[in-house]
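# An overview of the molecular structure
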Amino acid sequence: MLETVWLIPLKNLDDDARAIKLGDIAGMELAAGQEDFVGDPFKMMLMGLEDESRLPYVIEADGAAVGVFTLQAGAATLAGWPDDDSAWLLRGFLIDRRHQGRGLGTQAAAAAAREAVKLTARLGGGQAGVVLSVNERNPAGKAAYAKAGFAETGRYLGGSVGPQWTMYRGFGD
């Protein structure tokens, strides 16, 4: 049976709850080589809290923090998308190494896309979907995103750690 994932928006928490979640994030572990694809989860979440365009989330399953990601408005070209404003950028997505291989990444990526639909409706940004880039050396990540409904749209050569695939999930998909 698949576990249910919950998305916890860090910016919506009070100071005490946010501090607890940040402590959970500080204890997350990356799999070998994963640091090439994502940065330190704790630092990513702190950056997201400081930047108005970024909305950082904790992914929870069975009452435990199992991963993080950020949705960012106005930055889709960072994933090789042709413009910044027609899509949310899904960035810094990771599942703690101790929780990988259980389908949580696929569930969380699909949940992030559903969350982006709600954000667009609430904030009125006009986005029509979510875009991300996944490194060509990360076939497991690419497969998880594909299972979550993201389709490959092309190759992106602007990544700092080598060629990436741009993947997109429209709100109607």
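Presented here is a report on the structure given in the accompanying data block. Worth saying up front: this structure is predicted, and the values here are computed from it rather than measured.

### Considering the sheet that holds strand β6 (residues 151–156)
- Spatial ordering of the open sheet is given by β1-β2-β3-β4-β5-β7-β6, a layout of seven strands whose pairing is mixed. Single-partner strands in this sheet number two, and they are β1 (5–9) and β6. Each neighbouring strand pair of the sheet contributes to a mean axis angle of 30°, computed without reference to strand direction.
- Both strand β5 (residues 129–135) and strand β7 (residues 164–170) contribute to a ladder of seven bridges, which runs antiparallel. Paired with G129 across the bridge in β7 is G170.

### Details of the side chain of D96
- With respect to the helices and strands, the residue D96 is situated in the loop between β4 (87–95) and α3 (104–123).
- You can call D96 buried: its relative accessible area is 1%.
- What D96 contacts, discounting residues up to four positions off in sequence, is G27, M28, E29, V66 and G67.

### Considerations on the packing of aromatic side chains
- Overall, the coordinates contain five aromatic pairs when judged by the stated rule.
- For the ring pair F69 and F93, a centre distance of 6.1 Å and an interplane angle of 25° mean the geometry is stacked. Within this pair, whereas F69 is found in strand β3 (residues 64–72), its partner F93 is found in strand β4, the two being separated by 24 residues in sequence. With respect to class, F69 is no different from F93; both count as buried.
- For the pair W81 and Y168, a centre-to-centre distance of 4.4 Å together with 10° between the ring planes defines the contact as stacked. Of this pair, W81 sits in the loop between β3 and β4 while Y168 sits in strand β7, placing them 87 residues apart in sequence.
- We classify W81 as buried; its relative accessible area is 16%.
- The class of Y168 is buried, set by a relative accessible area of 17%.
- An aromatic cluster of three or more residues is present, and its members are Y57, F69, F93, Y145 and F150.

Each value, and the rule that gives it
Residues numbered from 1 in each chain as written. Predicted model: local features only at pLDDT ≥ 70, side-chain atom pairs only at ≥ 80, totals over all residues. Heavy atoms only, no water. Pairing = 2+ DSSP bridges. Helix = DSSP H or I, 4+ residues; strand = E, 2+ residues; numbered from the N terminus. Axes fitted to C-alpha atoms, helices over the stretch in contact; angles between N-to-C directions. Buried < 20%, exposed > 50% of the residue type's maximum accessible area, 1.4 Å probe, protein only. Contact = heavy atoms within 4.5 Å. Phe/Tyr/Trp six-rings, centres within 6.5 Å; stacked < 30°, edge-to-face > 60°.

All we've got here are geometric facts, nothing functional implied.
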